[in-house]
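# An overview of the molecular structure
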Amino acid sequence: MHSFKEYVGLMELHGDVDRERILETIKMFIGKIYQRPPLRSSVKRALRVKEVYSIDVLEINGRDILFKVRCESGTYVRKLCHDIGLLLGIEAHMRELRRIAVAHIREDLFTSTLHEVSEALYLWQRYGDDSILRNVIVPGEFIVAHLPKILIKDGAVDAIAHGAQLAVPGIAIFSKGITKGYRTALMTLKGELVAIGKAVMDSEEISRCEKGIAVEIERVVMEPNIYPRMWRRNQPQ
Amino acid sequence: MFSVKEYGLDFIKKLDMVANIPSEYIIKSDDDTDSRYGYIPTKRPIDVYIRYGLIVLDKPPGPTSHEVVAWIKRMLNITKAGHGGTLEPRLLLVWVGRS
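A short tour of the structure in this document, coming up. (Residues numbered from 1 in each chain as written. Chains lettered and ligands numbered in written order. Predicted model: local features only at pLDDT ≥ 70, side-chain atom pairs only at ≥ 80, totals over all residues. Heavy atoms only, no water.)

## Comments concerning the sheet that holds strand β9 (residues 149–152) of chain A
So the rule is basically this: If DSSP finds at least two bridges between two strands, the strands pair. The helix and strand labels rest on DSSP assignments: H or I over at least four residues marks a helix, E over at least two residues marks a strand, and numbering proceeds from the N terminus.
In space, the 7 strands of this open sheet follow the order β10(A)-β14(A)-β13(A)-β12(A)-β9(A)-β11(A)-β1(B), with mixed pairing throughout. Two strands bound the open sheet, and with one partner strand each, they are β10 (166–167) of chain A together with β1 (25–27) of chain B. Note: strand β11 (residues 171–175) of chain A against β1 of chain B, 3 bridges, orientation antiparallel. Counted as the bridge partner of S175 of chain A is Y25 of chain B from β1 of chain B.

Structure representation (structure tokens):
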């Protein structure tokens, strides 16, 4: 998943530094930074550039610093703490970290614990009551909530579910925010996610054109044969 | 009474609201949607709802994301589930069913 992540973390300094210098040093890590992934990491350990959008120091208590950081996906916060310690000249390490948002999905929105999932399942399986389960699980559509959307006609749905590209005649309603080259979510008029793809036309072109491919499909989510087949197969002669 | 399409458009608006993006649309065609096919996402029958569902999980520290996904699969009795985000603690997105 591309885009940003947000964390609350606790960093411990290995020496005493005054408050002003801590704040000043941390500020230097906002923006584009070089970062080499740590020894224990799941990616290639090559120096790479990651963007830190903001670091808010929430509390300083002796050598403990509680902070909130918003950064590009793939930024190692543990490494960030380590590097801040190096620049302060006294070293530091990250003690605790909690992710509070992945793009638009924030922890306060509809987070559940494993216990809640288990209890909701029990109520459904034992008593046939699915009302809590419907809160614990949310429609998968929420994962593309941040994308501009194109709502397609019923007649175009199954063709897309079978892997066809989206042509203009299949479009019913579309967001004003469609940008050429950017990811777009294709939804039914009922709000179901059909597929995601790259727009090859922007909103202005879609409203002007009557034909042509508008979106190149990258990933189909809906199973085929849910909507009626309105398209023709090329008949072999 | 709302029509199926109105419910659908309302759901789309809700998605835009959650993501905090502008909900401005252009209507190219006033095609309606047939209630015989598909479902309003929030009104899917529970088995379909689970298959197209997402759990935003407050993961306890300790078990790995892979382990947690395996538990959830077993709890829900499904074969397919995935997750986004590795290594990082807490907030784990688990998509269940087809993914």
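## Structural notes on the interface of chain B and chain A
Our working rule: The contact criterion used is simple: two residues touch if any of their non-hydrogen atoms lie within 4.5 Å. Salt bridges are defined as contacts in which a side-chain nitrogen from Lys or Arg sits within 4 Å of a carboxyl oxygen from Asp or Glu. Between N or O atoms, a polar contact is any pair within 3.5 Å; within protein, one atom must be a potential hydrogen donor and the other a potential acceptor, and residues adjacent in sequence are included only when both atoms are from side chains. Following the grouping adopted for this structure description, the nonpolar residues are Ala, Val, Leu, Ile, Met, Phe, Trp, Tyr, Cys and Pro, the charged ones are Asp, Glu, Lys and Arg, and the polar ones are all others, Gly among them.
Counting from both sides, the interface comprises 61 residues of chain B and, opposite them, 68 residues of chain A. Counting every contact that joins chain B to chain A gives 5 salt bridges. For R98 of chain A, the salt bridge is made with D58 of chain B, and the minimal N-O distance between the two is 3.2 Å. On inspection of chain B and its partner chain A, the count reaches 27 residue pairs in polar contact (both at pLDDT 80 or more). Mapped onto the side of chain B that touches chain A, the elements with two or more residues apiece are α1 (4–19), β1, α2 (46–51), β2 (53–57), α3 (65–76) and β4 (92–96) of chain B. Considering each element in turn, the side of chain B that touches chain A owes the most residues, 11 residues, to α1 of chain B. Of the residues in the side of chain B that touches chain A, the class split is 36 nonpolar, 10 polar and 15 charged. Here strand β7 (residues 111–112) of chain A runs beside β2 of chain B; their pairing, made up of 2 bridges, is parallel. Looking at the pairing, S112 of chain A lines up with L57 of chain B of β2 of chain B.

## Brief notes about the nonpolar core
Residues and elements named next belong to chain A. Note the threshold: Residues belong to a common nonpolar core when they are buried Ala, Val, Leu, Ile, Met, Phe, Trp, Tyr or Cys residues joined through side-chain atoms within 4.5 Å. Relative accessibility under 20% of the residue-type maximum defines a buried residue, over 50% an exposed one, and the middle range a partly exposed one, all with a 1.4 Å probe and only protein chains included.
Residues I150, I152, I160, L166 and I206 are the most contacted members of the largest nonpolar core, which totals 24 residues. Of all the secondary-structure elements, those providing two or more residues to this core are β9, α6 (154–161), β11, β13 (193–199) and β14 (213–220). Setting aside residues no more than four positions away along its own chain, L166 makes contact with I150, I152, I160, I171, L186, G212, I213, A214, V215 and I217.

## Quick word on the packing of aromatic side chains
Here is the rule: Aromatic pairing here means that ring centres of Phe, Tyr or Trp (its six-membered ring) are within 6.5 Å. Orientation follows from the plane angle: under 30 degrees is stacked, over 60 is edge-to-face, and everything else is tilted. A ring is considered to have a charge above it if a Lys NZ or an Arg CZ atom is located within 6 Å of its centre and within 35 degrees of its normal.
For the structure shown, the criterion picks out 4 aromatic pairs over all chains. Measuring from centroid to centroid gives 6.2 Å for Y122 of chain A and Y127 of chain A, while their planes differ by 80°, and the two rings are edge-to-face. Judged by its relative accessible area of 44%, Y122 of chain A is partly exposed. Ring centres of F2 of chain B and Y7 of chain B lie 5.6 Å apart, and the angle between their planes is 70°; on these two criteria the pair is classed as edge-to-face. Lying across the ring of F4 of chain A, R70 of chain A places its NZ or CZ 3.9 Å from the centre. Sitting over the face of the ring of Y49 of chain B, R134 of chain A holds its NZ or CZ atom 4.8 Å from the ring centroid.

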